[in-house]
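# Commentary on secondary and tertiary structure
What follows is each chain in one-letter form.
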Amino acid sequence: RCVNSSLNQPDTTLTAKQGSIGLNGTTSVQKLTANAGQDISTGTSDVTSNGIANLTAGRDVKLDAVTKASSLSVKAGHDITSTPGIRADMDNGLMNLTAGNDIKLSGVGMTWAHNLTAGAGNNITLEKVMVGNNLISAAKGDISLGKTVAANNNIVLDAGKNLTTVNTASKNFIARAGADL
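Fair warning: this is a prediction, and the values are worked out from it, not measured in the lab. (Residues numbered from 1 in each chain as written. Predicted model: local features only at pLDDT ≥ 70, side-chain atom pairs only at ≥ 80, totals over all residues. Heavy atoms only, no water.)

## Considering the overall build of the protein chain
- Summing up its helical and strand segments, the protein chain has zero helices and 25 strands in all.
- Restricting to contacts in the protein chain with at least 6 residues of sequence separation, those with at least 24 account for 4%.
- Accessible surface for the protein chain amounts to roughly 8200 Å². Of this, 47% is attributable to carbon and sulfur atoms. (Helix = DSSP H or I, 4+ residues; strand = E, 2+ residues; numbered from the N terminus. Contact = heavy atoms within 4.5 Å. Areas by Shrake-Rupley, 256 points an atom, 1.4 Å probe, with all protein chains shown as cover.)

## Some details on the side chain of Ser20
- Looking at the secondary structure, you find Ser20 in the loop between β3 (12–16) and β4 (21–22).
- According to the relative accessible area criterion, Ser20 is buried, its value standing at 9%.
- From its side chain, Ser20 meets the backbone nitrogen of Asp39 in a polar contact 3.3 Å long. (Buried < 20%, exposed > 50% of the residue type's maximum accessible area, 1.4 Å probe, protein only. Polar contact = N/O pair within 3.5 Å; in protein donor to acceptor, adjacent residues only side chain to side chain.)

## With respect to the nonpolar core
- Formed by 43 residues in total, the largest nonpolar core has its most connected members in Ile40, Leu55, Val61, Ile80, Leu97 and Ile103.
- Top contributing element to this core by residue count: strand β18 (residues 124–131), with four residues.
- Residue contacts for Leu55: discarding those within four places in its chain leaves Leu23, Ala34, Ile40, Val61, Leu63, Leu72, Ser73, Val74 and Lys75. (Core = buried A, V, L, I, M, F, W, Y, C linked by side-chain atoms within 4.5 Å.)

## Points about the sheet that holds strand β6 (residues 32–36)
- Here nine strands make up an open sheet; going across it, the order is β3-β6-β9-β12-β15-β17-β19-β22-β25 and the pairing parallel. With partners counted over all chains shown, the strands left at the sheet margins are β3 and β25 (172–177), one partner each. Within this sheet the neighbouring strands show an average axis-to-axis angle of 0°, counted without direction. (Pairing = 2+ DSSP bridges. Axes fitted to C-alpha atoms, helices over the stretch in contact; angles between N-to-C directions.)

## Description of the environment of Asn96
- Mapping Asn96 onto the fold places it in strand β15 (residues 94–99).
- The exposure class assigned to Asn96 is partly exposed, which follows from its relative accessible area of 33%.
- C-alpha separation for the pair Asn96 and Leu72, spaced 24 residues apart in sequence, amounts to 6.4 Å.

Below, the structure is given as C-alpha coordinates:
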(Lines give C-alpha, C1' and ligand atoms only; values in the text may rest on other atoms or scores of the structure.)
Protein backbone atom coordinates (compact mmCIF):
# COMPACT_ATOMS: atom_id res chain seq x y z
CA ARG A 1 0.00 0.00 0.00
CA CYS A 2 1.32 3.43 -0.97
CA VAL A 3 0.05 6.41 1.05
CA ASN A 4 1.19 9.98 0.40
CA SER A 5 0.39 12.78 2.77
CA SER A 6 2.55 15.64 1.44
CA LEU A 7 4.43 15.09 -1.80
CA ASN A 8 5.38 18.29 -3.59
CA GLN A 9 7.49 17.35 -6.62
CA PRO A 10 7.67 18.66 -10.22
CA ASP A 11 6.48 15.31 -11.63
CA THR A 12 5.04 12.75 -9.25
CA THR A 13 4.72 9.08 -10.22
CA LEU A 14 3.33 6.56 -7.74
CA THR A 15 3.13 2.85 -8.44
CA ALA A 16 1.72 0.00 -6.36
CA LYS A 17 1.72 -2.94 -8.78
CA GLN A 18 -0.16 -5.31 -6.49
CA GLY A 19 -1.55 -2.88 -3.93
CA SER A 20 -3.52 0.32 -3.44
CA ILE A 21 -2.62 4.03 -3.41
CA GLY A 22 -3.96 6.71 -1.07
CA LEU A 23 -3.39 10.19 -2.50
CA ASN A 24 -4.41 12.04 0.68
CA GLY A 25 -3.01 15.59 0.36
CA THR A 26 -0.72 14.88 -2.61
CA THR A 27 0.52 17.93 -4.54
CA SER A 28 2.42 17.79 -7.82
CA VAL A 29 3.91 20.90 -9.44
CA GLN A 30 3.47 19.38 -12.91
CA LYS A 31 2.17 15.90 -13.80
CA LEU A 32 0.68 13.46 -11.29
CA THR A 33 0.58 9.77 -12.27
CA ALA A 34 -0.76 7.02 -10.00
CA ASN A 35 -0.92 3.35 -11.06
CA ALA A 36 -2.34 0.77 -8.65
CA GLY A 37 -2.96 -2.92 -9.12
CA GLN A 38 -5.94 -2.60 -6.77
CA ASP A 39 -7.57 0.68 -5.63
CA ILE A 40 -6.86 4.42 -5.66
CA SER A 41 -8.46 6.82 -3.18
CA THR A 42 -7.98 10.58 -3.04
CA GLY A 43 -8.45 10.44 0.73
CA THR A 44 -9.97 13.34 2.65
CA SER A 45 -7.39 16.08 1.91
CA ASP A 46 -7.04 18.03 -1.36
CA VAL A 47 -5.17 16.40 -4.24
CA THR A 48 -3.55 18.95 -6.56
CA SER A 49 -1.66 18.73 -9.85
CA ASN A 50 -0.79 21.90 -11.78
CA GLY A 51 -0.55 19.70 -14.86
CA ILE A 52 -2.33 16.55 -15.97
CA ALA A 53 -3.37 13.96 -13.39
CA ASN A 54 -3.61 10.32 -14.53
CA LEU A 55 -5.12 7.79 -12.12
CA THR A 56 -5.24 4.13 -13.16
CA ALA A 57 -6.46 1.31 -10.89
CA GLY A 58 -6.97 -2.39 -11.46
CA ARG A 59 -10.12 -2.25 -9.31
CA ASP A 60 -11.76 0.93 -7.98
CA VAL A 61 -11.05 4.67 -7.92
CA LYS A 62 -12.70 6.66 -5.13
CA LEU A 63 -12.76 10.45 -5.43
CA ASP A 64 -13.24 11.41 -1.77
CA ALA A 65 -11.59 14.87 -1.63
CA VAL A 66 -11.24 18.04 -3.68
CA THR A 67 -9.24 17.20 -6.81
CA LYS A 68 -7.62 20.01 -8.81
CA ALA A 69 -5.72 19.55 -12.08
CA SER A 70 -5.41 21.09 -15.54
CA SER A 71 -6.89 17.81 -16.87
CA LEU A 72 -7.84 14.53 -15.20
CA SER A 73 -7.89 11.01 -16.63
CA VAL A 74 -9.29 8.24 -14.43
CA LYS A 75 -9.33 4.57 -15.45
CA ALA A 76 -10.67 1.80 -13.22
CA GLY A 77 -11.00 -1.92 -13.90
CA HIS A 78 -14.20 -1.94 -11.84
CA ASP A 79 -15.85 1.24 -10.46
CA ILE A 80 -15.29 5.00 -10.23
CA THR A 81 -17.21 6.62 -7.37
CA SER A 82 -17.29 9.94 -5.53
CA THR A 83 -18.30 11.02 -2.05
CA PRO A 84 -21.32 13.37 -2.14
CA GLY A 85 -20.31 16.98 -1.76
CA ILE A 86 -16.76 16.75 -3.13
CA ARG A 87 -15.42 19.02 -5.85
CA ALA A 88 -13.22 18.48 -8.89
CA ASP A 89 -11.85 21.61 -10.58
CA MET A 90 -10.29 21.53 -14.03
CA ASP A 91 -9.06 24.91 -15.32
CA ASN A 92 -10.48 24.73 -18.85
CA GLY A 93 -9.28 21.16 -18.97
CA LEU A 94 -10.76 17.79 -19.77
CA MET A 95 -11.98 15.04 -17.49
CA ASN A 96 -12.04 11.52 -18.93
CA LEU A 97 -13.50 8.68 -16.88
CA THR A 98 -13.36 5.04 -18.00
CA ALA A 99 -14.64 2.18 -15.84
CA GLY A 100 -14.94 -1.52 -16.57
CA ASN A 101 -18.11 -1.61 -14.47
CA ASP A 102 -19.89 1.47 -13.01
CA ILE A 103 -19.32 5.23 -12.73
CA LYS A 104 -21.20 7.00 -9.94
CA LEU A 105 -20.54 10.69 -9.31
CA SER A 106 -22.54 12.78 -6.88
CA GLY A 107 -21.42 16.10 -5.52
CA VAL A 108 -22.72 19.58 -4.95
CA GLY A 109 -19.48 21.12 -6.22
CA MET A 110 -18.52 18.70 -8.97
CA THR A 111 -17.56 21.16 -11.70
CA TRP A 112 -15.42 20.91 -14.77
CA ALA A 113 -14.51 23.97 -16.78
CA HIS A 114 -14.53 22.23 -20.16
CA ASN A 115 -15.50 18.67 -21.11
CA LEU A 116 -16.47 15.59 -19.11
CA THR A 117 -16.36 12.28 -20.97
CA ALA A 118 -17.50 9.11 -19.18
CA GLY A 119 -17.52 5.54 -20.50
CA ALA A 120 -18.61 2.50 -18.51
CA GLY A 121 -18.86 -1.23 -19.14
CA ASN A 122 -22.07 -1.24 -17.10
CA ASN A 123 -23.91 1.80 -15.62
CA ILE A 124 -23.33 5.55 -15.27
CA THR A 125 -25.07 7.55 -12.53
CA LEU A 126 -24.52 11.32 -12.27
CA GLU A 127 -26.10 13.72 -9.74
CA LYS A 128 -25.37 17.39 -9.11
CA VAL A 129 -22.70 17.58 -11.81
CA MET A 130 -21.97 20.86 -13.60
CA VAL A 131 -19.88 20.91 -16.80
CA GLY A 132 -18.59 24.09 -18.46
CA ASN A 133 -18.91 22.86 -22.04
CA ASN A 134 -19.83 19.27 -23.02
CA LEU A 135 -20.93 16.17 -21.13
CA ILE A 136 -20.57 12.98 -23.16
CA SER A 137 -21.45 9.59 -21.64
CA ALA A 138 -21.66 6.08 -23.04
CA ALA A 139 -22.58 2.95 -21.06
CA LYS A 140 -23.32 -0.63 -22.03
CA GLY A 141 -25.93 -0.66 -19.25
CA ASP A 142 -28.08 2.18 -17.89
CA ILE A 143 -27.41 5.91 -17.72
CA SER A 144 -29.14 7.85 -14.96
CA LEU A 145 -28.85 11.62 -14.61
CA GLY A 146 -30.26 12.69 -11.27
CA LYS A 147 -30.75 16.06 -9.66
CA THR A 148 -29.17 19.06 -11.36
CA VAL A 149 -26.94 17.79 -14.16
CA ALA A 150 -25.99 20.64 -16.47
CA ALA A 151 -23.65 21.50 -19.33
CA ASN A 152 -23.31 24.93 -20.92
CA ASN A 153 -23.23 23.41 -24.40
CA ASN A 154 -24.04 19.76 -25.16
CA ILE A 155 -25.16 16.69 -23.28
CA VAL A 156 -24.73 13.54 -25.37
CA LEU A 157 -25.83 10.21 -23.86
CA ASP A 158 -25.68 6.69 -25.29
CA ALA A 159 -27.10 3.94 -23.05
CA GLY A 160 -27.04 0.28 -24.03
CA LYS A 161 -30.13 -0.29 -21.89
CA ASN A 162 -32.23 2.38 -20.11
CA LEU A 163 -31.74 6.12 -19.88
CA THR A 164 -33.38 8.35 -17.24
CA THR A 165 -32.95 12.07 -16.60
CA VAL A 166 -34.27 14.47 -13.96
CA ASN A 167 -33.68 18.24 -14.02
CA THR A 168 -31.07 18.24 -16.83
CA ALA A 169 -30.04 21.45 -18.61
CA SER A 170 -27.96 22.20 -21.73
CA LYS A 171 -28.18 24.02 -25.07
CA ASN A 172 -28.36 20.72 -26.95
CA PHE A 173 -29.48 17.36 -25.59
CA ILE A 174 -28.90 14.18 -27.60
CA ALA A 175 -29.90 10.82 -26.13
CA ARG A 176 -30.06 7.24 -27.36
CA ALA A 177 -31.11 4.15 -25.40
CA GLY A 178 -31.17 0.47 -26.29
CA ALA A 179 -34.37 -0.01 -24.25
CA ASP A 180 -36.35 2.67 -22.36
CA LEU A 181 -35.80 6.39 -22.66
